Structures are given as C-alpha cells and as structure tokens.
Amino acid sequence: MNKNEIKVFCPATIANVSCGFDVLGLALDAVGDEMTVRKIDTKGVYISKIIGQDIPLETEKNVAGIAGLALLQASDYLGGFEIEIHKKIKAGSGIGSSAASAAGAVWAMNMLLENPFSTIELVQFAMEGERLASGVPHADNVAPALFGGFTLVRSYDPLDIIQIHTPKELYATILHPQIEIKTADSRKILKTTISLQDGIKQWGNVGGLIAGLYTEDYALIGRSLVDHIVEPIRSILIPGFDDVKKASLDAGALGAGISGSGPSIFALSKGEQTAEKVAKSIKEVYRTIGVEYDLHISKVNLEGMKNLNP
Ligand code: ADP
C-alpha cells in the first residue's frame, strides 16, 4: 500500500429520516462518491480534478477544501494534500452530496496522518464544509457518512453524536426527481415554531424509531417513520410526493419520506426484495408524472467510509 495516497468510497446519506429533522441520519452502501487524497510537500489543500459534476475546484469554494483546511489547521502536519473527486452523487439531490465530499476528505486525510483525530473531531471539521454548502454547519449527513449506520445528533452545543444500532436487513429505495430545490429555499418555507401537540407526536416517533432500531422491531420502525412537522410543508415542492409515498407503502415499505431537504424521496424496507418491489411501484407512479429521475436501491451502510485500496 502507498502510505502517501488513499482512495476512499464516500457514502451518500439520508438526513432527517422522517421524524428526526436535523438530528437523525443514515448512510448508504450502493450510492457514493470516490475520492483520492495524497500527501504533498506544499502546505494547503489543493483540488486537482473533479469528474462527474460541475463543482468549483477552488479550495475555498469546495466543501472538501474547506473541511480539509479545518483539519490542517488543527494538525501539526507541515505538508498539504491534493484531492481528486469522482462525483457520483448529484449536488443538490438531498442525499448528502456535499457531506460525502467534506467527510470523505477529512477521513482520508486522517488515515494518511495515521489517525490523530477522533471521529467526532472529523465530524466537526466536515461540518465546516456543510456551512459552506448550506449556510448551516449541520451534522445530520456528515455524522452517518463518518460513523456508518444510523446516527443521532443528541446535541449541537456541545456536539454529542450517538451511533444507533442498525438492523442488517434494512434497505433504502431512493427516488431523485431531476428538479432543483435549493436547501436554503426549502428551509425558508418552514415555520420556526411548532405546536405542543405536534411536538408530542414527533418525539414519540423519534423515541419509537430508536427503540425499533435497537430491538430490530421492523413494525415499530415503520410505525415511527412519520413526520408531523416538516413533511406536510416541504412535500408540496416535490412532484407526486403523496402518490410515491402511498405506492411505496402499498408495495411493502416500512415507511417513506423526504430525504434531507429534498427533492429525493426515500423508502425503507425490510430486505432487498421488498426494496426492489418498492422501486418498481415508484417507477410506475413517475411514468405518469413526466419528470426525469434517478432511482437507487441500497442496503443501509454499517461502516461509513471505505478504504478502496486497503
Ligand atoms: P446536498 O444535500 O445534495 O449535499 P446541498 O445543496 O447541501 O446538496 O449542497 C450542494 C452545494 O454545495 C452546491 O451548491 C455545490 O456547488 C456545493 N459544493 C461545493 N463543493 C462541493 C462538493 N465537493 N460536492 C458537492 N457539492 C459541493
């Protein structure tokens, strides 16, 4: 193995997961970017190549660059890093495109420096990338990308991230309609207060989902994948949302909702066969809607980042 270079798989992620706005997230296995990071003598972070997407190469405009600089500043390493990004996750899709780059860069750099930083410190560096992408340094995508499985941001101040036990048979089906919804716009339409009644329903579901994941109670997971606060407002921006959700549940999905700030819609199922049935039903709905789309099926990823040349 070349100790000065590493190639990593950076997973796509689903944030919010229905009831957990800004606090819950999960990592995917079959969807993600690839990134090569190498040590160089010159101090700084340099992005030499981006394949697959039109994203800025300038360090200060790229989330991988900003997150990498945050790590470099905290490190006593005197050299720098060069990054090549092979983007497979479309920016603005709602499945953590920016998070994959920010988290992937700092994870790879930490490996090359022989792991001076803890995973929680890497989350903090990667959040600086998220600040660039959306204006808010949120952790609900970068945490699952780095830890794998489901994660819960219990607190932002101080940052407290909990890795949640994730049942092995959980699969996600993801529909990405090819329309653009800016994260900033989909935040703007949300109300800043909620009713006590909605709060009660929502934290009941968050607790239920966590309990369901730990006890591998798939029916409880399904009953808890409900969002009373954000989905009723945001789903209006996504063509065919209600029909896609209904078709997913009819095909056997445990639950379905908006992935991150959309426009992607996710459904969670027990087992790959059901996830495929769900995909077929979604395709039928979207044939009548007339919007181009991508469709992915993926196991929930239990490891997070992967070294592609171990
Ligand atoms: P997503 O939820 O899919 O990550 P965001 O809207 O949060 O989408 O982030 C995408 C924004 O971040 C775009 O404006 C994009 O140009 C910017 N960006 C900067 N660097 C990257 C990168 N390496 N990968 C993806 N997006 C990036």
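See the structure above.
Residues numbered from 1 in each chain as written. Predicted model: local features only at pLDDT ≥ 70, side-chain atom pairs only at ≥ 80, totals over all residues. Heavy atoms only, no water.

K.L.:
Would you mind going over the site of the ligand with me for this structure?
P.N.:
If you check the shell around the ligand, you find 15 residues, and the closest are N62, K87, S97, S98 and S101. Within the backbone of G94, a nitrogen or oxygen atom sits 3.3 Å from an oxygen atom of the ligand. Within the backbone of S97, one N or O atom sits 3.0 Å away from an oxygen atom of the ligand. Against a free-state accessible area of 560 Å², the protein chains account for coverage of 81% of the ligand. Broken down by class, the residue content of the shell around the ligand amounts to 3 nonpolar, 9 polar and 3 charged. (Near = heavy atom within 4 Å. Polar contact = N/O pair within 3.5 Å; in protein donor to acceptor, adjacent residues only side chain to side chain. Areas by Shrake-Rupley, 256 points an atom, 1.4 Å probe, with all protein chains shown as cover. Nonpolar A, V, L, I, M, F, W, Y, C, P; charged D, E, K, R; others polar.)

K.L.:
Can you help me understand the packing of aromatic side chains in this one?
P.N.:
Aromatic ring pairs: the centre-centre distance and the angle between the two ring planes describe each pair. With the rule as written, the count across this model stands at 3 aromatic pairs. When the centroid spacing of 5.7 Å and the interplanar angle of 80° are considered together, the rings of Y286 and Y293 count as edge-to-face. Assessed through its relative accessible area of 27%, Y293 is described here as partly exposed. (Phe/Tyr/Trp six-rings, centres within 6.5 Å; stacked < 30°, edge-to-face > 60°. Buried < 20%, exposed > 50% of the residue type's maximum accessible area, 1.4 Å probe, protein only.)

K.L.:
Got a minute to help me understand the pattern of salt bridges in this structure?
P.N.:
Any two side chains of opposite charge can pair, given that their charged atoms come close. A complete count under the given rule lists 18 salt bridges for this structure. Residue D22 pairs with R187 through a salt bridge whose shortest N-O separation is 2.8 Å. With D22 in the loop between β1 (5–15) and β2 (24–40) and R187 in helix α5 (residues 183–188), this residue pair connects regions lying 165 residues apart in the sequence. Using a relative accessible area of 18% as the deciding quantity, one classes D22 as buried. (Salt bridge = Lys/Arg side-chain N within 4 Å of Asp/Glu carboxyl O. Helix = DSSP H or I, 4+ residues; strand = E, 2+ residues; numbered from the N terminus.)

K.L.:
When you look at the pairing of strand β7 (residues 170–177) in this model, what are you seeing that I'm missing?
P.N.:
Two faces make up the sheet, and in a regular strand the side chains alternate between them. The buried count for β7 comes to 8 of 8 residues, which makes it a mostly enclosed element. Going residue by residue along β7, you find L170, A172, I174 and H176 tucked away on one face and Y171, T173, L175 and P177 tucked away on the opposite face as well. Inspection of the sheet shows β7 paired to strand β9 (residues 265–270) by 6 bridges, in the antiparallel sense. Counterpart to T173 in the pairing with β9 is A267. For β7 and strand β10 (residues 293–299), the ladder comprises 7 bridges, and the chain directions are antiparallel. (Pairing = 2+ DSSP bridges.)

K.L.:
Sorry, what's going on with the side chain of E130 here?
P.N.:
Tracing the backbone through its elements, the reader meets E130 in helix α3 (residues 119–134). Put simply, E130 is tucked away with no salt bridge, and the nearest opposite charge, on R187, sits 8.8 Å away. Setting aside residues no more than four positions away along its own chain, E130 makes contact with S98, A99, G135, V136, P137, H138, N141 and V142. (Lys, Arg positive; Asp, Glu negative; His and termini not counted. Contact = heavy atoms within 4.5 Å.)

K.L.:
Would you mind going over the nonpolar core with me for this structure?
P.N.:
Nonpolar side chains in soluble globular proteins generally cluster together in the buried interior. By size, the foremost hydrophobic cluster in this structure holds 72 residues, and its most contacted members are V17, M35, V37, L71, F81, I83 and V123. Ranked by residues supplied to this core, first place goes to helix α2 (residues 97–112) with 10 residues. Within the second largest apolar cluster, 17 residues are counted, among which are I181, A247, A267 and V285. (Core = buried A, V, L, I, M, F, W, Y, C linked by side-chain atoms within 4.5 Å.)

K.L.:
How should the sheet that holds β10 be read in this particular structure?
P.N.:
One key point about sheets: their strands pair by backbone hydrogen bonds, in either a parallel or an antiparallel sense. Here we have 4 strands laid out as an open sheet, ordered β8-β9-β7-β10, and antiparallel in their pairing. Each having just a single partner strand, β8 (255–258) and β10 make up the two edges of the open sheet. Averaged over all pairs of adjacent strands, the angle between strand axes in this sheet comes to 15°, irrespective of strand direction. Helix α10 (residues 272–289) contacts β7, β9 and β10 of the sheet and is inclined by roughly 20° relative to β7. (Axes fitted to C-alpha atoms, helices over the stretch in contact; angles between N-to-C directions.)

This is a description of form; function is not addressed.
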